[in-house]
Amino acid sequence: MKSKFVDLHVHTTFSDSTFTPAEVIKAAQEQGLSALGITDHDSVSSLTVITELGEKEGIEIVPGVELSAEEKGREIHILGYYISLEEDWFRKKLAEFSHAREERAREITRRLNRIGIDLDFAIVKEISGEGAVGRMHIARALVRAGYVKHPQSAFRLYLGEGKPAYVKKFPLTVGEAIEMIKSLKGISSLAHPGLLKDNDLILDIIKSGIDGLEVFHLDHSNTKINNFLELASTHKLLVTGGSDCHGLGKGKQLLGKIKLPYKYLTALKERAKIGTHNAAPILDPSRRN
Ligand code: AMP
Ligand code: ZN
Ligand code: FE
Ligand code: FE
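Not measured: the values here are computed from a predicted model.

Conventions we followed
Residues numbered from 1 in each chain as written. Chains lettered and ligands numbered in written order. Predicted model: local features only at pLDDT ≥ 70, side-chain atom pairs only at ≥ 80, totals over all residues. Heavy atoms only, no water. Donors = N, O, S within 2.8 Å, 3.2 Å for Na, K, Ca; no water. Helix = DSSP H or I, 4+ residues; strand = E, 2+ residues; numbered from the N terminus. Domains from an automatic or database assignment. Buried area = accessible area lost by both parts, 1.4 Å probe. Salt bridge = Lys/Arg side-chain N within 4 Å of Asp/Glu carboxyl O. Buried < 20%, exposed > 50% of the residue type's maximum accessible area, 1.4 Å probe, protein only. Near = heavy atom within 4 Å. Polar contact = N/O pair within 3.5 Å; in protein donor to acceptor, adjacent residues only side chain to side chain. Areas by Shrake-Rupley, 256 points an atom, 1.4 Å probe, with all protein chains shown as cover. Nonpolar A, V, L, I, M, F, W, Y, C, P; charged D, E, K, R; others polar. Pairing = 2+ DSSP bridges.

Here the focus is the coordination of the iron ion (ligand 3). Those protein atoms acting as donors to the iron ion (ligand 3) are E66 (OE), H77 (ND1) and H192 (NE2), and they sit at 2.0 to 2.2 Å. Taken in sequence order, the residues that donate to the iron ion (ligand 3) follow the motif E-x10-H-x114-H. Here the zinc ion (ligand 2) and the iron ion (ligand 3) are spaced 5.8 Å from one another. Linking E66 in strand β3 (residues 60-71) with H192 in the loop between β5 (187-190) and α8 (199-207), this pair joins segments that are 126 residues apart in sequence.

Assigned domains within the chain: domain 1 (5-85 + 174-287) and domain 2 (95-159). Using C-alpha coordinates to define each centre, domain 1 is positioned 25 Å away from domain 2. Taken together, the two surfaces of domain 1 and domain 2 that pack against each other cover about 1100 Å², and 50% of this comes from carbon and sulfur. On the domain 1 side of the contact with domain 2, F14, D16 and D42 bury the most area, a combined 37% of that side's loss. Scanning the region where domain 1 abuts domain 2 turns up three salt bridges.

Okay, unusual backbone geometry next. For Y82, which is not a glycine, the phi torsion comes out positive at approximately 55 degrees. By the element assignment, Y82 lies in the loop between β4 (74-81) and α3 (88-114). Judged by relative accessible area, Y82 falls into the partly exposed class, the value being 23%. Residues other than glycine seldom take positive phi values, yet K185 does so here, at roughly 60 degrees. Relative to the helices and strands, K185 resides in the loop between α7 (174-183) and β5.

A few words now on the site of ligand 1. Ligand 1 sits among D16, H41, E75, R101, R104, G134, R135, M136, F155, K169, H246 and K250. Within the side chain of H41, one N or O atom sits 2.9 Å away from an oxygen atom of ligand 1. Protein chains shield 79% of the accessible area of ligand 1, which is 500 Å² for the free molecule. For the shell around ligand 1, the secondary structure elements donating two or more residues are α3 and α5 (135-144). Among the residues making up the shell around ligand 1, the classes are represented as two nonpolar, three polar and seven charged. Here the shell around ligand 1 spans two domains, and each of domain 1 (5-85 + 174-287) and domain 2 (95-159) adds at least three residues to it.

It is worth spelling out the pairing of β4 at this point. In terms of residue burial, β4 counts as a mostly covered element, since seven of its eight residues are buried. The pairing of β3 with β4 spans eight bridges and is classified as antiparallel. Bridge pairing in β4 links S68 to H77. Between the antiparallel neighbours β3 and β4 lie two residues, among them K72 with a positive phi of about 50 degrees. Strand direction decides the pairing type here: β4 and β5, joined by four bridges, are antiparallel. Along β5, the bridge assignment pairs L79 with S189.

Structural data, given as structure tokens:
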């Protein structure tokens, strides 16, 4: 039988990718992927349409989300898979997140204006369209206006953590994000832990009860991947991974650059079936009796 491959971290135009759900499915077919985890930032709006398209085209869709959280002043992304989409309280939360994103994007635009950058919020909204507005859209607006050549430069000069137009997001803690995913009967995974460059912080997040670790990511060196595999094994965490494809938003298409053997998705599904409450306990020496 032909080996099957999956990518568990993919964005759509419903957050800050340039690829519509149909373009995501087409790219997955071209890259020979069998399943995709769709993980838009603080939004699940693409899931109905992309699941239907996937069914038609033979691509399995793992429903997901990438929640923005904060810990020790750092921005942390928590992936949630197989979350229930039925809960009213979750829909309300997502609406709050969407409102907070809009306010934040306006404030970032004001800050850019204050340092002499002539950018109109209407342009940012035109670029974000139906998507949950974020810094990537502002970065693209800055490229369009000729202030930078690439979105990455916009992050390096203005939008990244500690830069002049950086504005923090709403204060959802990592613990709250993990609990939210648990309440929705989903499985949580710490997105791109390598970007945090802080092992103590990663250990703190593991102690908060995260179910998995995104070991495979294009920003992780082989050494990092091996360290994270070991960490996942020590703490009995699921191993996830993906391209974090933003369409052409990061300069080129990343879909297809990370292909996980299907067995990682099988393990994720099994854990989702059992439910996270019956999972192996987190090894926290401070909680041992
Ligand atoms: P936001 O949700 O508005 O905070 O934007 C987060 C998104 O911005 C991430 O998913 C990336 O797509 C992008 N991003 C964050 N930091 C950088 C960076 N340093 N360089 C390029 N893109 C970045
Ligand atoms: Zn993004
Ligand atoms: Fe992320
Ligand atoms: Fe992402």
